[in-house]
Amino acid sequence: QVQLVESGGGLVQAGDSLRLSCAASGRTFSDYGMAWFRQAPGKEREFVASISRGGSITYYADFVRGRFTIARDNAKNTVYLQIVSLKPEDTAVYYCAATGGGNLAVRRRRSDYGYWGQGAQVTVSS
């Protein structure tokens, strides 16, 4: 199994930037495709971005529109989500997730990922 711990959330103002981190432990990090999801109050958890095991391939949800960047450092067993120009509608709990399966292009459902962190709250004030 792999354990995931997010950090970097908090209260920010609209227009600010923020970087979330997710530290992995327990298994070989580079064996897993990684993703970020988010869940706003009263809404379903939604896919944000994913990144391949080696970090060379990334996928994003349509709403990202260039404001989010996913990256990973396999030497540090960490995946990141950089968000710029934050908006109040970005307020959510952000989760990182891991999958041992391939073909990340089609892995955008919650059920596609077997390992989850506890989540990091991001609150954007207007």
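In what follows, the accompanying structure is described. (Residues numbered from 1 in each chain as written. Predicted model: local features only at pLDDT ≥ 70, side-chain atom pairs only at ≥ 80, totals over all residues. Heavy atoms only, no water.)

## Let's talk about the state of the cysteines
Right, so step 1: This structure, assessed with the given rule, holds one disulfide.
Right, so step 2: Residue Cys-22 pairs covalently with Cys-96 via a disulfide, S to S 1.9 Å. Its S-S torsion of approximately 45° makes the covalent link between Cys-22 and Cys-96 right-handed. Within this pair, whereas Cys-22 is found in strand E3 (residues 18-25), its partner Cys-96 is found in strand E9 (residues 92-99), the two being separated by 74 residues in sequence.
Right, so step 3: Since its relative accessible area comes to 0%, Cys-22 is described here as buried.
Right, so step 4: Given a relative accessible area of 0%, Cys-96 falls into the buried group. (Disulfide = S-S within 2.5 Å. Helix = DSSP H or I, 4+ residues; strand = E, 2+ residues; numbered from the N terminus. Buried < 20%, exposed > 50% of the residue type's maximum accessible area, 1.4 Å probe, protein only.)

## Examining the pairing of strand E8 (residues 78-83)
Right, so step 1: With five of six residues buried, E8 lies mostly within the body of the structure.
Right, so step 2: Pairing between E3 and E8: six bridges, direction antiparallel. Bridge pairing in E8 places Leu-18 opposite Ile-83.
Right, so step 3: With six bridges connecting them, strand E7 (residues 68-73) and E8 associate as antiparallel partners. (Pairing = 2+ DSSP bridges.)

## Considerations on the pairing of E9
Right, so step 1: Across the eight residues that make up E9, a large majority, seven, are buried.
Right, so step 2: Pairing analysis gives seven bridges linking strand E4 (residues 33-39) to E9, with the strands arranged antiparallel. Within E9, the position partnered with Ala-35 by the bridge is Ala-97.
Right, so step 3: In terms of strand pairing, E9 meets strand E11 (residues 120-125) through three bridges, oriented antiparallel.

## Some remarks on the nonpolar core
Right, so step 1: Counting residues in hydrophobic clusters, the biggest one holds 36 residues, and the most contacted among them are Leu-4, Leu-20, Met-34, Trp-36, Val-79, Leu-81 and Tyr-94.
Right, so step 2: Listed by contribution, the elements that provide at least two residues to this core are E3, E4, strand E5 (46-51), E7, E8, E9 and E11.
Right, so step 3: Apart from residues lying up to four places away in sequence, Leu-81 is in contact with Leu-18, Arg-19, Leu-20, Trp-36, Val-48, Phe-68, Thr-69, Ile-70 and Tyr-94. (Core = buried A, V, L, I, M, F, W, Y, C linked by side-chain atoms within 4.5 Å. Contact = heavy atoms within 4.5 Å.)

## Structural notes on the environment of Gln-39
Right, so step 1: Take Gln-39: it is sitting in strand E4.
Right, so step 2: Discounting chain neighbours no more than four positions away, the residues touching Gln-39 are Glu-44, Arg-45, Ala-92, Val-93 and Tyr-95.
Right, so step 3: At a separation of 3.1 Å, a polar atom in the side chain of Gln-39 contacts the main-chain carbonyl oxygen of Lys-43. (Polar contact = N/O pair within 3.5 Å; in protein donor to acceptor, adjacent residues only side chain to side chain.)

## A few points about the side chain of Asp-112
Right, so step 1: Secondary-structure assignment places Asp-112 in the loop between E9 and strand E10 (115-116).
Right, so step 2: Those residues within four positions of Asp-112 in sequence are excluded, and the remaining contacts are Thr-99, Val-106 and Arg-107.

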